Amino acid sequence: MNLGPLSRITPQPVPQDDVVITHEDVDRAHDRVRVSAARAQRGAFSKFRLLWLLVGPGILVMLGENDGPSMISYAATGARFGIGFFIPFVILTFCMAIVVQEMTMRLGSATHRGHAELIFDRFGPFWGWFSMIDLGIGNFLTLITEFIAIRAGLGFFGVPPWAAVGSALVFLCLAVMMHRYWTWERTLLAIAVFNLVFVPVALLTHPNWHSVGSALVTWKPLPGGLTQDTLIIVLADIGATVTPWMLFFQQSATVDKGLTRKDIHLGRIDTVVGAALAATAAVATIIATAPLFAHHMTAENFQGAEFAQALQPLIGRFGAALFAIGIVEAGMVASVTISISSAYAFGEVARRPHSLNLPVAQGKAFYSVLFLCAATAGAIVLIPGLPLVYVVLLVNVVAVLAMPPALVFLFMLANDREVMGDLVSPRWANILATGVVVFLTLAGLLFGISVIAPNVFAFLGGK
Amino acid sequence: MPSKDKVHSAITSSDQKLVLSSLEPEQLAGLKKHLIPRRQLSGLEKFVMWSLRIYLLFMIVVVIYQVWASLH
């Protein structure tokens, strides 16, 4: 057996008589046997098969983060600002997500421990609970917005709110009741690919490709300049791409999938492919709603489906229905990934079994947390009169504000030679990660200044 | 090899061999109960962590104020 970097600081040797083999181990071992077999063979097909076996957490976390509130934020961005600054800006945020998520994949592959578990063990319960409170509140608020998106998207097809929330909960049950990480991952990947329905919707609007190309090069125009509204959208778009739950989810999913240090290279490809797919869908959404900006239609109070209804005269019923389906898909996939992220973190901290390979009887606590979080969030969405789009944007803003403290834990763990061995972050990764922390902190502070002293922006040339 | 009474009832001996030959020891669910020793935080690390914690709390107050202001 290979010993990982943790062998230097965990009690060694571990008495083999103390080892309890579980179903979770057996399922993971079967997956690893297939990976080893693919790795042992030569040829392009075998390499592709190896990649196919190892992709998953990276694509899922990126497409999962293209969730209901994110797609609504991108839609609001296109409707308020059109094609311009925000297209290259959103691509930049996905580049930041790659830097951050690569570290979680490397941590999970090297240590075989979840993010919450490592924070508690290495930094102690004081900092661990801070981190858990951030994650718990953030995940719960985000889950509420996923159900808002599902309700709004299905509302386009005339589905009543209670039925929309109920069907989302049934979907969640079906998704996790497979008791097999591999089956769950492949099923969710197949559904998550529907995030790309925003691409045909964008094409139906017959976008001005010259404007898109010009925006990518010049980062202009930014209608209205730097204002508090612009900053909220900036923060919402950052929060639509990098959020704390992603750190916890990808590391735990990497561990649950059973990736090892040999798989890190392909884990990076998984993360980059996921970011590319998600960025494509995000940019497509901005382009899809840009005609609302061109037609001077106000979108301040739009929910996901209302964007679809507003677009209907421009792209037809089919295009509008695709848009609504995309919003529903985004909410459905993210409600699963975020619930699982909470359940993984709970299991890691409470030292209870936490794996999608667990039968219900062995993972009662894991599955209970998962369903309770989702059901409570779903129930809240049924409260009438909630200012839904405002809630959605605020949740993304809160996610951005919670990122710098979460990133510092990640940064320190990824540079902890005692747990990472020779897989500590290289200098270039540290420079990029520091840049991301500084950027997010400054963006948050700028937002704070805009709230406390809004006149500062008039001084800087905004409105 | 694991003692029989500690092996889960439905796990066969071939399963045990498969697990022990294909997983790294640290991947075994049972071994994850071992805690990883806590690290000592330097003064700079504590300063950064506390600063960001205060930053987050301050910004949450700002967000609450923003919500209150927009509702009035």
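Rules used in this analysis
- Residues numbered from 1 in each chain as written.
- Chains lettered and ligands numbered in written order.
- Predicted model: local features only at pLDDT ≥ 70, side-chain atom pairs only at ≥ 80, totals over all residues.
- Helix = DSSP H or I, 4+ residues; strand = E, 2+ residues; numbered from the N terminus.
- Rg over C-alpha atoms; globule rule 2.2 N^0.38 Å.
- Buried ≥ 20, exposed ≤ 12 C-beta atoms within 10 Å, placed from the backbone.
- Axes fitted to C-alpha atoms, helices over the stretch in contact; angles between N-to-C directions.
- Parallel < 35°, antiparallel > 145°, perpendicular 65-115°, else oblique.
- Left-handed = near helix turned anticlockwise from the far one by under 90°.
- Contact = placed C-beta atoms within 7 Å.
- Nonpolar A, V, L, I, M, F, W, Y, C, P; charged D, E, K, R; others polar.
- Expected span 1.5 Å × (residues − 1).
- Core = buried A, V, L, I, M, F, W, Y, C linked by C-beta atoms within 7 Å.
- pLDDT = per-residue confidence, 0-100.

## Comments concerning the overall build of chain A
Thinking step 1. The helix and strand tally for chain A stands at 19 helices and 0 strands.
Thinking step 2. The globule rule puts the C-alpha radius of gyration for 463 residues at 23 Å, and the 22 Å found for chain A is close to it.
Thinking step 3. Going through the 463 residues of chain A one by one, you find that 58% of them count as buried.

## What to know about the overall build of chain B
Thinking step 1. Scanning chain B for helices and strands turns up 2 helices and 0 strands.
Thinking step 2. Taken over 72 residues, chain B has a buried fraction of 21%.

## Topic: unusual backbone geometry
Residues and elements named next belong to chain A.
Thinking step 1. Cis geometry marks the peptide bond from Lys-220 to Pro-221, where omega comes out at 0°.
Thinking step 2. For Pro-221, the location among the structural elements is in the loop between helix H10 (209-218) and helix H11 (228-239).
Thinking step 3. Unlike most non-glycine residues, His-112 shows phi in positive territory, near 60°.

## Points about the packing of helix H3 (residues 57-65) of chain A against helix H5 (residues 86-111) of chain A
All names here are of chain A.
Thinking step 1. Two elements in contact, H3 and H5, have axes whose closest approach is 11 Å; the angle formed by their N-to-C orientations is 140°. By the angle class used here, H3 and H5 are oblique. Taken as a pair, H3 and H5 cross one another with a handedness that is right-handed. The residues of H5 that touch H3, namely those facing Pro-57, Gly-58, Val-61 and Met-62, are Ala-97, Gln-101 and Met-105.
Thinking step 2. Residue classes in the contact of H3 with H5 are distributed as 5 nonpolar, 2 polar and no charged.

## Remarks on the interface of chain A and chain B
Many structure descriptions define interface size as the accessible area lost when the parts assemble.
Thinking step 1. Contacts between chain A and chain B engage 52 residues on the former and 43 residues on the latter.
Thinking step 2. When residues of the side of chain A that touches chain B are traced back to their parent elements, those giving at least two are helix H1 (23-40), helix H6 (115-155), helix H16 (388-414), helix H17 (417-420) and helix H18 (427-452) of chain A.
Thinking step 3. Split into classes, the residues belonging to the side of chain A that touches chain B amount to 27 nonpolar, 14 polar and 11 charged.

## Regarding H11(A)
Residues and elements named next belong to chain A.
Thinking step 1. For H11, spanning 12 residues, the distance from its first C-alpha to its last is 16 Å, which sits close to the expected 16 Å at 1.5 Å a residue.
Thinking step 2. Summarising burial for H11: 10 of the 12 residues are buried, a large majority.
Thinking step 3. For H11, every residue scored as buried is listed here: Thr-230, Leu-231, Ile-232, Ile-233, Val-234, Leu-235, Ala-236, Asp-237, Ile-238 and Gly-239.

## Considerations on the environment of His179(A)
Residue and element names in this part refer to chain A.
Thinking step 1. Take His-179: it is sitting in the loop between helix H7 (161-176) and helix H8 (181-192).
Thinking step 2. Among the residues examined, His-179 registers 19 C-beta atoms within 10 Å and is labelled partly exposed.
Thinking step 3. In the structure, His-179 is positioned 234 residues away from Leu-413 in sequence and 30 Å away in space, judged by C-alpha atoms.
Thinking step 4. Setting aside anything within four residues of it in sequence, one finds His-179 in contact with Asn-357, Leu-358 and Pro-359.

## Focus on the nonpolar core
Thinking step 1. One finds Val100(A), Leu235(A), Phe323(A) and Leu410(A) to be the most contacted residues of the largest nonpolar core, which totals 153 residues.
Thinking step 2. When residues of this core are assigned to their parent elements, the largest contribution, 23 residues, is made by helix H14 (residues 304-350) of chain A.
Thinking step 3. Those residues in contact with Phe323(A), other than ones at most four positions away along the chain, are Val201(A), Ala288(A), Phe307(A), Ala308(A) and Leu311(A).
Thinking step 4. The next biggest cluster of nonpolar side chains, apart from the first, holds 9 residues, and it includes Ala29(A), Val19(B), Leu28(B) and Leu31(B).

## Considering the packing of helix H2 (residues 44-54) of chain A against helix H13 (residues 264-294) of chain A
Residue and element names in this part refer to chain A.
Thinking step 1. At a minimum axis distance of 9 Å, the contact between H2 and H13 shows a crossing angle of 70°. The angle between H2 and H13 falls in the class roughly perpendicular. By crossing handedness, the relation of H2 to H13 is classed as right-handed. For the pair formed by H2 and H13, the contact residues are Leu-50, Leu-51 and Leu-54 on the first element and Leu-266, Gly-267, Ile-269 and Asp-270 on the second.
Thinking step 2. Of the residues in the contact of H2 with H13, the class split is 5 nonpolar, 1 polar and 1 charged.

## A few points about H1(A)
Count 3.6 residues to each turn of an α-helix, and residues three or four apart come out pointing the same way.
Thinking step 1. Helix length check: H1(A), at 18 residues, gives a terminal C-alpha distance of 26 Å against a target of 26 Å (1.5 Å per residue), a fit within 8%.
Thinking step 2. His23(A), Glu24(A), Asp25(A), Val26(A), Asp27(A), Arg28(A), Ala29(A), Asp31(A), Arg32(A) and Val35(A) are the residues of H1(A) that are buried.

## Structural notes on the environment of Leu174(A)
Thinking step 1. When you line up the elements, Leu174(A) lands in helix H7.
Thinking step 2. Overall, the presence of 11 C-beta atoms within 10 Å leaves Leu174(A) in the exposed class.

## Section: the confidence of the model for chain A
Thinking step 1. Residues of chain A with pLDDT of at least 70 account for 91%, and the chain-wide mean is 87.
Thinking step 2. Across chain A, the element-wise mean pLDDT spans from 66 in helix H19 (residues 455-459) of chain A up to 95 in helix H9 (residues 198-204) of chain A.

## A look at the confidence of the model for chain B
Thinking step 1. Confidence in the prediction of chain B, expressed as mean pLDDT, is 81, and 88% of residues score 70 or more.
Thinking step 2. Residue range residues 1-7 of chain B is modelled with pLDDT below 50. Its contacts to residues more than four positions away, or to other chains, number 14 contacts.

## Details of the environment of Ser70(B)
Thinking step 1. Turning to its location among the elements, Ser70(B) is positioned in helix H2 (residues 43-71).
Thinking step 2. Distance from Ser70(B) to Met59(B), taken between C-alpha atoms, is 16 Å for residues 11 residues apart in sequence.

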